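Descriptive analysis of the structure
So the chains spell out like this:
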Amino acid sequence: MSEFKIGPLNHVGVAVPSIEEAANTYRELYGAIDITEPGEMEAQGVRFCFVNLPNSQIELIEPFGENSPIVNFLKKNPKGGQHHVCFEVDDIHEAKKVMEERGATVLNEPRIGAHGTLIIFVHPKNSNGVLIELMEAPKH
Ligand SMILES: CC[C@H](C(=O)O)C(=O)SCCNC(=O)CCNC(=O)[C@H](O)C(C)(C)COP(=O)(O)OP(=O)(O)OC[C@H]1O[C@@H](n2cnc3c(N)ncnc32)[C@H](O)[C@@H]1OP(=O)(O)O
Ligand SMILES: [Co+2]
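Structural notes, computed from the coordinates. (Residues numbered from 1 in each chain as written. Chains lettered and ligands numbered in written order. Predicted model: local features only at pLDDT ≥ 70, side-chain atom pairs only at ≥ 80, totals over all residues. Heavy atoms only, no water.)

With that out of the way, let us pick up the packing of aromatic side chains. Applying the stated criterion across every chain, the model contains two aromatic pairs. Consider the rings of Y26 and Y30, whose centres lie 5.6 Å apart with planes at 40°: the pair is tilted. Centroid distance F48 to F50: 5.8 Å. Interplanar angle 65°. Geometry classified as edge-to-face. (Phe/Tyr/Trp six-rings, centres within 6.5 Å; stacked < 30°, edge-to-face > 60°.)

Structure follows, in structure tokens:
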């Protein structure tokens, strides 16, 4: 078995109808004070913001543009829901290669995600119904 292994949990993705309303929930109900301004990634079809926590983040995402990959999800979960879990990896190209060698369905070629590093997604069917995002760890 190769040396490859997933690293730290980077964020939990939560798909919502409105990131502003969801951010207010984390602010008013849970006392979150460190919430980023919204960003947009047309290529990924999402608007997003991050609830920064001491050891991880909640990534709030809502559809952006016509072909957003989360439109279907929100049709099935109109109030929103836990959408994906993101782990950091050292090398996204190695990660993709190993995932495919191990029989997983990688959903995209590595592309830039909200943290500015390359990401891939592994189909939920490979992980007990959980959509997994692998993100190349930021180089410090
Ligand atoms: C700004 C980037 C940001 C970042 O962190 O950098 C992001 O995270 S962007 C997040 C949004 N982007 C993506 O989700 C891209 C990857 N997703 C996909 O390719 C699709 O959403 C996919 C393939 C997971 C589902 O596609 P679609 O919804 O069109 O297919 P189905 O509705 O037919 O679903 C197939 C099957 O999968 C189950 N499903 C769908 N979405 C999820 C989910 N988020 N978590 C768990 N399971 C999911 C769905 O229920 C179907 O199951 P089945 O048993 O076959 O009915
Ligand atoms: Co994400």
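Here the narrative resumes, following the displayed structure.
This next bit is on a negative patch on the surface. A contiguous patch of negative charge on the surface is contributed by E3, D90, D91 and E94. Take D91: it is sitting in the loop between β5 (81-89) and α3 (92-101). (Patch = residues over 30% accessible without salt bridge, like charges linked within 9 Å, V, L, I, M, F, W, Y side chains within 5 Å. Areas by Shrake-Rupley, 256 points an atom, 1.4 Å probe, with all protein chains shown as cover. Salt bridge = Lys/Arg side-chain N within 4 Å of Asp/Glu carboxyl O. Lys, Arg positive; Asp, Glu negative; His and termini not counted. Charge placed at Lys NZ, Arg CZ, Asp CG, Glu CD. Helix = DSSP H or I, 4+ residues; strand = E, 2+ residues; numbered from the N terminus.)

Attention shifts here to the pairing of strand β3 (residues 46-52). With six of seven residues buried, β3 is to be regarded as a mostly interior element. Direction of pairing for strand β2 (residues 39-41) relative to β3: antiparallel, over a ladder of three bridges. Its bridge partner lying in β3, G39 is registered against F48. Counted along the chain from β2 to the antiparallel partner β3, the turn is four residues long, and its residue G45 has a positive phi close to 70°. Pairing between β3 and strand β4 (residues 57-63): seven bridges, direction antiparallel. (Buried < 20%, exposed > 50% of the residue type's maximum accessible area, 1.4 Å probe, protein only. Pairing = 2+ DSSP bridges.)

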